[in-house]
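Understanding the architecture of this molecule
Spelled out, the chains give:
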Amino acid sequence: MSEKLLEIRDLSVHFNTFEGVAKVLDGVCLTLYEGEVLGLIGESGSGKTVTALTVLGLLPVSAKIVSGSVYFHEDNLPTLPEYKLRNIRGSKISLVFQEPGTSLNPVAKVGGQIIDVLKLHQEIGDKNAGRGKAMELLEAVNMPRPSLVMNQYPHELSGGMQQRVAIAMAIASNPELLIADEPTSSVDVTVGKRILELMIYLKEKETISSLLFITHSFGIISEICDKVAAMYAGNIVEYGDVDTILHKCCHPYVKGLMKSVLDIHKKRSELRPMKGTIPRLINPPGGCRFHPRCPERIDKCLLEKPNLKLIAKNHFMACHAYKE
Amino acid sequence: MARFSVGYLILLFVIIIFAPYIAPEDPLALDLEHTVEPPSMEHPFGTDGMGRCILSRIIYGARLTSLAGFVAILVGMTAGIPLGLIAGYYRGKIDTVIMMGMETLMGFPYLLLVIVLITMLGPSLQNAMVAIGIWIMPYYTRLARASALSIKEQEFIEAARMSGESNFSIIFRYLFPNSISPIIVWSTIYYARAILMAAGLGFLGLGAQPPTPEWGAMTAIGREYIFLAPHVLFFPSVTILLTALSFNIWGDLLRDILDPRLRGME
């Protein structure tokens, strides 16, 4: 088995808000092995992005890490001083944001921005060498007419092209781990597909070694991921190989998510959304946080929080109602 | 109005550059036989109490007065903008301390503040420029802080932090260029106020010292002749008025051009 690259243990993050303390992450455990693509799926507000930001140490000031650790190789990231974190960000771990248009500096040319990122983490020779490397990166992300794009400003590019630039910047220093935070959800479906194909292509070419892919879509999960973790209200509820999760998922939440995907092969498939919404995290339900919406709830769910248990090979789940 | 003001400013600019070639006489040359003469063909704006050509003095004064405004704005900018960006970016205690200091400065009546500063530094045009700069600084700090507050929440700042940029480089390479457009507009308007202020200080004898041809100081001298020869007072004051007005109108124009929401409207 390959080595653990990222290991999140029992991570709890609270946000101070005007209404009280929001318990956004509540004991998240997650492991990513080298060379693996891990999908993180869940509804909006389930804490996926917060998990990614915690890894990079970019939480807003109102957030506090209450317990837990985030090990990247041998380093526990939250305890590292800022200057050491800066060396990791962008060079060893980098992030592709959801909104490509807003994640680029609007007043700087694309080429300059890529060269800036290159300069931060590696020695590049003179100006021409930097431009050459930036061009290579743009070519690596299949950017049409890279030499022209180098001299354009972000607003002159389309959403898909902006996302390609953002990916080029993220892979500029060959990171060991790339976190993609819903990179396809702000562009339309056809462009999203091309971005996804690009990610798969980069993975095959081994430009990207390990990937944490945050998404809402099981379709994307099935295309690119090796493993899947499902998140609900700040907890990982099920974790396993992609085939296991897609075909043999057992957690009532994940089952519900699967049901709410339309089956295009059936003639009249019915859309069955899950009832209810994510609970308010200031006063989350006791016991299992999913119990108010859960169709399989038993009495124990109201009282005790279920822990992740190994139920089959490489398949973990947190539910009291599960019977073997 | 806009055309007039831009035309006036271009004229002023040409005058500033080519002052020695345009001015008919030496602005400091005394001619005691022809004192307080009304406008004539020889002296279009008349002569002052020492017989000096008022037109030539206004032309040379354009250099000094514009320079005074420019230096004051520059002092205010270089001190105020970084402080504001730092306050807005870091928030917390740094923000509180910086903004408290700035608000204390703003709490003083502006003339009192500038007079106190000049009393400390000694009356001269250079010190007047610095004092005006210090008076303007807190406004730049506020403006820069407000811009920083909204810009730092945008995702490209987070993306910059993500890629490992240092705080220093985020402030000066990301926040600063993105906050520059309101600052430019605001500078043109405060440039006019700085000129007025420099002239006012000259008038009070705290700025340029006689016989330096500076508009405010000239107005102060003209006051003595207000009944005898009003033109001595009239021409420098009107020049100050027109210059300040033109810069204000130009500032408005610039805002309309730079603000994308107002673009394309008549």
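That block above? That's the structure.
Now for a look at the structure at hand. Source: prediction; values computed, not measured.

Time to look at the nonpolar core. Core analysis: the biggest nonpolar cluster contains 144 residues, and Ile114 and Val237 of chain A together with Ala128, Ile132, Ala194 and Ala198 of chain B have the highest contact counts within it. The biggest single contributor to this core is helix α6 (residues 125-151) of chain B, with 13 residues. Formed by 10 residues, the second largest nonpolar core is a distinct cluster that contains Leu55, Ile58, Ile59 and Val232 of chain B.

A separate point is the environment of Tyr190 of chain B. Residue and element names in this part refer to chain B. Note on placement: Tyr190 falls in helix α9 (residues 180-204). Spatially, the C-alpha atoms of Tyr190 and Phe108 are 18 Å apart, while their sequence positions differ by 82 residues. With near-sequence residues (within four places) excluded, Tyr190 lies in contact with Ile73, Ile136 and Tyr139.

All right, on to the packing of α9 of chain B against helix α10 (residues 215-223) of chain B then. Residues and elements named next belong to chain B. Taken N-terminus to C-terminus, the directions of α9 and α10 make an angle of 40°; their axes are 6 Å apart at the nearest point. Considering their axes alone, α9 and α10 lie oblique with respect to each other. Classified by chirality, the crossing of α10 by α9 is right-handed. Taking contact as the criterion, the partners of Ala198, Ala199, Gly200, Leu201, Gly202 and Phe203 in α9 are, on α10, Trp215, Gly216, Ala217, Thr219 and Ala220. Residue composition of the contact of α9 with α10, grouped by class: seven nonpolar, four polar and no charged.

Turning our attention to the sheet that holds strand β2 (residues 20-33) of chain A. Residue and element names in this part refer to chain A. The antiparallel open sheet is built from four strands, whose spatial order is β2-β1-β4-β5. Lying at the two open borders of the sheet, with one neighbouring strand each, are β2 and β5 (75-76). Pairing geometry for strand β4 (residues 63-72) and β5, over two bridges, is antiparallel. Within the sheet, the bridge partner assigned to Tyr71 lies in β5 and is Asn76.

Cut-offs used in this document
- Residues numbered from 1 in each chain as written.
- Chains lettered and ligands numbered in written order.
- Predicted model: local features only at pLDDT ≥ 70, side-chain atom pairs only at ≥ 80, totals over all residues.
- Core = buried A, V, L, I, M, F, W, Y, C linked by C-beta atoms within 7 Å.
- Buried ≥ 20, exposed ≤ 12 C-beta atoms within 10 Å, placed from the backbone.
- Helix = DSSP H or I, 4+ residues; strand = E, 2+ residues; numbered from the N terminus.
- Contact = placed C-beta atoms within 7 Å.
- Axes fitted to C-alpha atoms, helices over the stretch in contact; angles between N-to-C directions.
- Parallel < 35°, antiparallel > 145°, perpendicular 65-115°, else oblique.
- Left-handed = near helix turned anticlockwise from the far one by under 90°.
- Nonpolar A, V, L, I, M, F, W, Y, C, P; charged D, E, K, R; others polar.
- Pairing = 2+ DSSP bridges.

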